[in-house]
Amino acid sequence: MTEQQLKNYFHEIEDNFNKAVITNDINEIKKCITSDWVLVDSQGGIIPQERFFSVLEQGLLSHSTMTKEILRVKIYGDIALVTGRGQNTGTWQGQSMEADEWITDVYKKENEKWLCVLTHLTPVKK
């Protein structure tokens, strides 16, 4: 695959992941991630998926939009590093929120499907 084809391929995978998060449906999100997926961000540190799912179930976090521009994809055997810039809107603890972040998603190929192992978020400096 060319570099652009690889970016397009993972853009579709990332779009599916984004759509799953927007639904707030844990079963849909689980179709996109490994059983040990974690989220790393500047405020919560390493957030295990159980805590992320708990926040969704309690209605503390919801997303109404989520987009990503894929800027870099590197594949190392069954591991892929996908880096881009993402924007999202929604609510956190009942308050409107919006984020503009650098995102790195680490994917692992399992049974011919790419699943996210780790999502790392870094706020874009304003």
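Coordinates for the structure precede this section.
Conventions and cut-offs
- Residues numbered from 1 in each chain as written.
- Predicted model: local features only at pLDDT ≥ 70, side-chain atom pairs only at ≥ 80, totals over all residues.
- Heavy atoms only, no water.
- Helix = DSSP H or I, 4+ residues; strand = E, 2+ residues; numbered from the N terminus.
- Buried < 20%, exposed > 50% of the residue type's maximum accessible area, 1.4 Å probe, protein only.
- Contact = heavy atoms within 4.5 Å.
- Areas by Shrake-Rupley, 256 points an atom, 1.4 Å probe, with all protein chains shown as cover.
- Salt bridge = Lys/Arg side-chain N within 4 Å of Asp/Glu carboxyl O.
- Phe/Tyr/Trp six-rings, centres within 6.5 Å; stacked < 30°, edge-to-face > 60°.
- Lys NZ or Arg CZ within 6 Å of the ring centre and 35° of its normal.
- Core = buried A, V, L, I, M, F, W, Y, C linked by side-chain atoms within 4.5 Å.
- 1 Å grid on protein atoms, 1.4 Å probe; cavity = no way out; pocket = protein on both sides within 12 Å on 5 of 7 lines; lining within 4 Å.
- Points joined across faces, edges and corners; volume = space filled by probe spheres on them.

Draft legend 1. Looking closely at the overall build of the chain. Along the backbone of the chain there are 3 helices and 6 strands. Ordered by position from N to C terminus, the α and β elements of the chain give α-α-β-β-α-β-β-β-β. Dimensions along the principal axes, computed over C-alpha positions, put the chain at roughly 45 × 35 × 25 Å. Counting the 126 residues in the chain, one finds 39% classified as buried. Long-range pairs, those at least 24 residues apart, make up 50% of the contacts in the chain between residues at least 6 apart in sequence. Of the roughly 7,600 Å² of accessible surface on the chain, 51% is carried by carbon and sulfur atoms.

Draft legend 2. Geometry of the pattern of salt bridges. Under the counting rule described, the total for this entry stands at 8 salt bridges. Notably, a salt bridge pairs Lys 68 with Glu 14, separated by 2.6 Å at the nearest N-O pair. Of this pair, Lys 68 sits in strand 3 (residues 61–76) while Glu 14 is found in helix 1 (residues 3–23), placing the two residues 54 residues apart along the sequence. For Lys 68, a relative accessible area of 14% gives the class buried. Salt-bridge contacts for Glu 110 lead to Lys 108; the nearest nitrogen and oxygen are separated by 3.7 Å. Each member of the salt-bridge network shares a partner with another, and the members are Glu 14, Lys 68 and Asp 105.

Draft legend 3. Representation of the packing of aromatic side chains. Evaluated as defined, the whole model comprises 6 aromatic pairs. With a centroid separation of 5.4 Å and an interplanar angle of 85°, the aromatic rings of Tyr 9 and Phe 10 are classed as edge-to-face. Using a relative accessible area of 36% as the deciding quantity, one classes Tyr 9 as partly exposed. Residue class for Phe 10 comes out buried when judged on its relative accessible area of 0%. Geometrically, the ring pair formed by Phe 17 and Trp 37 is edge-to-face, given 6.4 Å between the ring centres and 80° between the ring planes. Taken together, the residues Phe 17 in helix 1 and Trp 37 in strand 1 (residues 33–41) connect sequence positions 20 residues apart. The exposure classification of Phe 17 matches that of Trp 37, with both residues buried. Through a chain of ring-to-ring contacts, three or more aromatic side chains come together here, namely Tyr 9, Phe 10, Tyr 107 and Trp 114. Its end group placed over the ring of Trp 102, Arg 85 keeps NZ or CZ at 5.2 Å from the ring centre.

Draft legend 4. The nonpolar core, seen in detail. Counting 28 residues, the largest nonpolar core has Phe 10, Phe 17, Ile 29, Ile 33, Phe 52 and Tyr 107 as the members making the most contacts within it. Broken down by secondary-structure element, the contributors of at least two residues to this core are helix 1, helix 2 (26–30), strand 1, helix 3 (49–57), strand 3, strand 4 (79–92), strand 5 (95–110) and strand 6 (113–123). With 6 residues, helix 1 is the single largest residue contributor to this core. In this structure Phe 10 touches Val 73, Ile 75, Ala 80, Val 82, Tyr 107 and Trp 114, once residues within four positions along its chain are discounted.

Draft legend 5. Quick look at the layout of surface pockets. Counted as a void, the largest pocket has a volume near 910 Å³. Taken together, 35 residues line the largest pocket, and the ones lying closest to its centre are Leu 39, Asp 41, His 63, Glu 101 and Leu 121. Looking at the lining of the largest pocket, the elements that each hand over two or more residues are helix 1, strand 1, helix 3, strand 3, strand 4, strand 5 and strand 6. Counting residues per element, the lining of the largest pocket draws most heavily on strand 5, at 7 residues.

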